[in-house]
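Chain by chain, the residues run as shown.
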Amino acid sequence: MVHAQRTITGVVSEADGTPMIGASIMVKGTTTGTVTDLDGSFEISVDADAEALIISYNGFTPREVELGASTVLNV
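The rules behind these values
Residues numbered from 1 in each chain as written. Predicted model: local features only at pLDDT ≥ 70, side-chain atom pairs only at ≥ 80, totals over all residues. Heavy atoms only, no water. Salt bridge = Lys/Arg side-chain N within 4 Å of Asp/Glu carboxyl O. Helix = DSSP H or I, 4+ residues; strand = E, 2+ residues; numbered from the N terminus. 1 Å grid on protein atoms, 1.4 Å probe; cavity = no way out; pocket = protein on both sides within 12 Å on 5 of 7 lines; lining within 4 Å. Points joined across faces, edges and corners; volume = space filled by probe spheres on them. Nonpolar A, V, L, I, M, F, W, Y, C, P; charged D, E, K, R; others polar.

S.K.: What am I meant to see in the pattern of salt bridges here?
M.R.: Where charged atoms of side chains with opposite charge meet at close range, the side chains can pair. Applying the stated criterion across every chain, the model contains 1 salt bridge. With a closest N to O distance of 3.1 Å, Lys28 and Glu64 form a salt bridge. On the criterion of sequence distance, the pair formed by Lys28 in the loop between strand S2 (24–27) and strand S3 (33–35) and Glu64 in strand S6 (residues 63–66) is long-range, its members being 36 residues apart.

This is the structure:
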């Protein structure tokens with residue numbers, strides 16, 4: 001069975017706006033993931049029914065971000 005996919009893009013940054021290079025972005029409940037680039041940007045394809053992303057970075061508490069209908073996230 002083929003699942004419908006959607007692409008989620010976004011930027012992960014610190015409170016002061018500094019990009020978080022190499023932050024891990026995982027689709028909750030799967031092994032699908034990616035990492036942020038030099039600008040803190042990422043792009044990931046997820047199943048249309050994916051509920052959340054888990055964002056983690058050394059020294060920070062992992063954060064769960066619900067997807068809803070959004071395709072652009074700035075965390």
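S.K.: Would you mind showing me how to read the layout of surface pockets here?
M.R.: Empty space among the atoms can be located by rolling a probe the size of a water molecule over them. Roughly 170 Å³ of volume is contained in the largest pocket. Lining of the largest pocket is provided by Val12, Ser13, Glu14, Met20, Ile55, Ser56, Tyr57, Phe60, Thr61, Pro62, Arg63 and Val75. Estimates place the volume of the second largest pocket at around 150 Å³. Lining the second largest pocket, in full, are Gln5, Val27, Lys28, Thr30, Thr32, Ser45, Val46, Asp47, Ala50, Glu51 and Ala52. The element contributing the most residues to the lining of the second largest pocket is strand S4 (residues 41–47), with 3 residues. Residue classes in the lining of the second largest pocket are distributed as 4 nonpolar, 4 polar and 3 charged.

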